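# Summary of the model geometry
Residues per chain are reported as follows:
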Amino acid sequence: MADESARRKAEDHYYAALDLVAEGEQERALAEYRHSLSADPSFTEAMHGLARTLQNLNRLDEAIAVAQRIAELDADDVLAHTSLSVLYQKKGMIPEAEAEANKARILGWKQQLKKS
C-alpha cells in the first residue's frame, strides 16, 4: 500500500476522474485514473473506474487487462470477476464469461456467510 501522501494524491485524481466521467469526458477521465494509479498502483477503486471507462469506450482488451490485474491483487474482489464476466461476454467469450460469473457468485456467497 502507498504511503498517506501518495494515497491522498491518488484519491484526488480518482475523484477528478469520477467528475469527468459524470460530465461525459471519458478520455480525460482515463488520464486522471492513470494519474491516480501512478501515485498508488494498488488503488483498486481507481482500477475499477479505469476498467469501466475503457469498457464505455469499447476498449475491451484494455479493460480486461485492468480487471485481471484487480483480480490478481485481490482474488476475493467480486466486482473484478463480475467485470471480467461482462467484458468477456461483450467479446463473445461465453465460456470465460460464465466462469467469471461463477467465481463472482461463489465469492459473494462466501462474503455473505462471513457476515452471518
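Cut-off values and rules
Residues numbered from 1 in each chain as written. Predicted model: local features only at pLDDT ≥ 70, side-chain atom pairs only at ≥ 80, totals over all residues. Heavy atoms only, no water. Helix = DSSP H or I, 4+ residues; strand = E, 2+ residues; numbered from the N terminus. Rg over C-alpha atoms; globule rule 2.2 N^0.38 Å. Buried < 20%, exposed > 50% of the residue type's maximum accessible area, 1.4 Å probe, protein only. Areas by Shrake-Rupley, 256 points an atom, 1.4 Å probe, with all protein chains shown as cover. Lys, Arg positive; Asp, Glu negative; His and termini not counted. Charge placed at Lys NZ, Arg CZ, Asp CG, Glu CD. Axes fitted to C-alpha atoms, helices over the stretch in contact; angles between N-to-C directions. Parallel < 35°, antiparallel > 145°, perpendicular 65-115°, else oblique. Left-handed = near helix turned anticlockwise from the far one by under 90°. Contact = heavy atoms within 4.5 Å. Nonpolar A, V, L, I, M, F, W, Y, C, P; charged D, E, K, R; others polar. Core = buried A, V, L, I, M, F, W, Y, C linked by side-chain atoms within 4.5 Å.

## Structural notes on the overall build of the chain
- What the chain contains, in helices and strands, is six helices and zero strands.
- Against the 2.2 N^0.38 benchmark of 13 Å for 116 residues, the chain shows a C-alpha radius of gyration of 15 Å, consistent with a compact globule.
- Its C-alpha atoms give the chain principal-axis dimensions of roughly 35 × 35 × 20 Å.
- Per-residue burial over the chain gives 39% buried out of 116 residues.
- Summed over its atoms, the accessible surface of the chain is roughly 7000 Å², and 50% of this surface lies on carbon and sulfur atoms.
- In the chain, which carries 15 positive and 20 negative side-chain charges, the distance between the mean positions of the two groups comes to 4 Å.

## Points about the packing of helix 2 (residues 26-39) against helix 3 (residues 44-56)
- Closest axis-to-axis distance for the helix 2/helix 3 pair is 9 Å, and the angle between their directions is 155°. The orientation of helix 2 with respect to helix 3, classified from their angle, is roughly antiparallel. For helix 2 against helix 3, the interelement crossing comes out left-handed. Between helix 2 and helix 3, the contacting residues are Gln26, Leu30, Tyr33, Arg34, Ser36 and Leu37 on the first element and Ala46, Met47, Gly49, Leu50, Thr53, Leu54 and Asn56 on the second.
- Here the residues of the contact of helix 2 with helix 3 are counted per class, giving seven nonpolar, five polar and one charged.

## Quick notes on the nonpolar core
- With 27 residues, the main nonpolar core has Tyr33, Leu50 and Val66 as its most contacted residues.
- Those elements that provide at least two residues to this core are helix 1 (4-22), helix 2, helix 3, helix 4 (60-73) and helix 5 (78-90).
- Ranked by residue count, the leading element in this core is helix 4, at seven residues.
- Ignoring sequence-local partners within four residues, the contact set of valine 66 consists of Met47, Leu50, Ala51 and Leu54.

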